[in-house]
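Per-entry structural report
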Amino acid sequence: MDQDLSQQLFKRAQDVIPGGVNSPVRAFKNVGGTPIFFLSGIGPYLADVDGNHYIDYVASWGPMLRGYSCEPVVHALRDQSIRATSFGAPTLQEIEMAELVVDRVASIEKVRMVNSGTEATMSAIRLARGFTGRDRIVKFEGCFHGHGDSLLVKAGSGVMTLGLPDSPGVPADLAKHTLTLPFNDCQAIEETFASMGDDIACVIVEPIAGNMGVVPPIDGFLESLRKVTQKHGSLLIFDEVMTGFRVAPGGAQELYGVTPDITTLGKVIGGGLPVGAFGGTAEIMDQLAPMGPIYQSGTLSGNPLAMSAGLALLKTLDDEFYSNLEECTTTLVEGLLREAQATGIDLQINSVCGMFSLFFTTQQDVLSYEHVMQCDAERYRKFFREMLNNGVYFAPSPYESAFVGGSHTSMEISRTIEHASRALQSLV
């Protein structure tokens, strides 16, 4: 597959952009080769600058639930751009988006818009610290919540790991307030709160981990977080930047029946445009300025383009959509597993309604960061390259989620399984 122009553009980009990319995973370091520079997309297909076409399972990292160039979204953006692209002032769309979020997400009574998932999680943590008057936070190995200083902390292998900076530029004095625990480990959370629960402001977690690949919660894990935080007066934050409106109309919290105090959102609510949000009970949210003492602001928050695009997309998502999405995902996953079994390749796939990840491993279950790191990343790299060369675009990392959208039909699913069969045979 010819990628000459992509190679030229990457070389050019490295002269003026650190690493040639504006987000690290785009550099293809986990899979090798040159990043693909894309030109256009329609439905489940992408076209690159060299004229190659791909069946896409990255979906701009999640928000393209209806595929690329979704007609309602395109029309909404066109109409709004004619009126104005930004005001830095209140708009009707902000209210309509907030009303929609409050209506669909049971835990949210009030919501504030921001410009990214990172901004949403940073703001949620500041709000939790201000509301509780405490400094310490708990996060989990393998869960990524953006690049905020409090969250770039090295994951530890013990029951409880006091935070160590995992990036230059993160002060040790700040990182020490972050406790990192194993995902899906109920005992670790119980022991941590037993020893220092009254000092912990919040627990932040992806209810379905999506940044070490898809790792769903085991039975009782989210419930244990809810129970222990309530007992000790800490807040529970669900980072649903990836899962919000993707796995169910009300997000993962609807799927698992666990209600957090604060929820962070992103991706889908912008219809593919940069956006984020965080919301919770009125009691908590009213602590934000201008009503309360906890300061948070953003000049372009609630941008009318992002709000218009998000509203247009969200209004198309109903119960039938999610049912079809689940069915389509199941068909693809079962087909991939069937082909792996036929070739004798050890493959496990985790999936939750529209999200899935391939783990090349002999383990029966992949339930934690430790399990993920034991998987064969080199085998994924070879599989990725084979699929890419055959016109199927998966995430360029063994530690990212893949996404099925409403525009994938039985034809795209069948073609993907056929290409995967050949790719898997090449690994034998």
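That block above? That's the structure.
Residues numbered from 1 in each chain as written. Predicted model: local features only at pLDDT ≥ 70, side-chain atom pairs only at ≥ 80, totals over all residues. Heavy atoms only, no water.

1. Describing the overall build of the chain
The helix and strand tally for the chain stands at 14 helices and 15 strands. Computed over the C-alpha atoms, the radius of gyration of the chain is 21 Å, within 12% of the 22 Å expected from 2.2 N^0.38 for a compact globule of 428 residues. A principal-axis box enclosing the C-alpha atoms of the chain has dimensions of 55 × 55 × 45 Å. Look at the contacts in the chain between residues 6 or more apart in sequence, and 72% of them connect residues 24 or more apart. For the chain, the computed accessible surface area is about 18100 Å², with 50% contributed by carbon and sulfur atoms. (Helix = DSSP H or I, 4+ residues; strand = E, 2+ residues; numbered from the N terminus. Rg over C-alpha atoms; globule rule 2.2 N^0.38 Å. Contact = heavy atoms within 4.5 Å. Areas by Shrake-Rupley, 256 points an atom, 1.4 Å probe, with all protein chains shown as cover.)

2. Quick word on the nonpolar core
Across soluble globular proteins, nonpolar side chains have a tendency to be buried as a group. Core analysis: the largest hydrophobic core is formed by 77 residues, its most contacted members being Y57, F245, I269, F356, F383 and F394. It is helix α11 (residues 319-343) that provides the largest number of residues to this core, a total of 8 residues. Ignoring anything within four residues of it in the chain, the contact list for Y57 reads L332, F356, V392, Y393, F394, A402, F403, V404, H408, E412, I413 and T416. One finds F140, M212, L225 and V366 within the second-largest nonpolar core, a separate group that totals 26 residues. (Core = buried A, V, L, I, M, F, W, Y, C linked by side-chain atoms within 4.5 Å. Buried < 20%, exposed > 50% of the residue type's maximum accessible area, 1.4 Å probe, protein only.)

3. Focus: the state of the cysteines
Between two cysteines, a covalent bond joining their sulfur atoms is known as a disulfide. In the structure shown here, the tally under the stated rule is 0 disulfides. C328 takes part in no disulfide bond, and the closest cysteine sulfur to it belongs to C353, at a distance of 10 Å. In this model C375 remains outside any disulfide bridge; the closest cysteine sulfur is found in C143, 16 Å from its own. (Disulfide = S-S within 2.5 Å.)

4. Digging into the side chain of S234
Note that S234 resides in the loop between α7 (221-232) and β9 (235-239). Within the local environment of S234, its side chain forms a polar contact with the side chain of R134, the two groups lying 3.2 Å apart. Ignoring anything within four residues of it in the chain, the contact list for S234 reads R134, F193, G197, I200, A201, C202, R226, T229 and D261. (Polar contact = N/O pair within 3.5 Å; in protein donor to acceptor, adjacent residues only side chain to side chain.)

5. Considering the environment of V102
Looking at where V102 falls in the secondary structure, it is placed in helix α3 (residues 92-104). Considered as a pair, V102 and G43 are 59 residues apart in the sequence and their alpha carbons are 29 Å apart. Non-local contacts of V102, meaning those with residues more than four positions away in its chain, are made with I108, E109 and K110.

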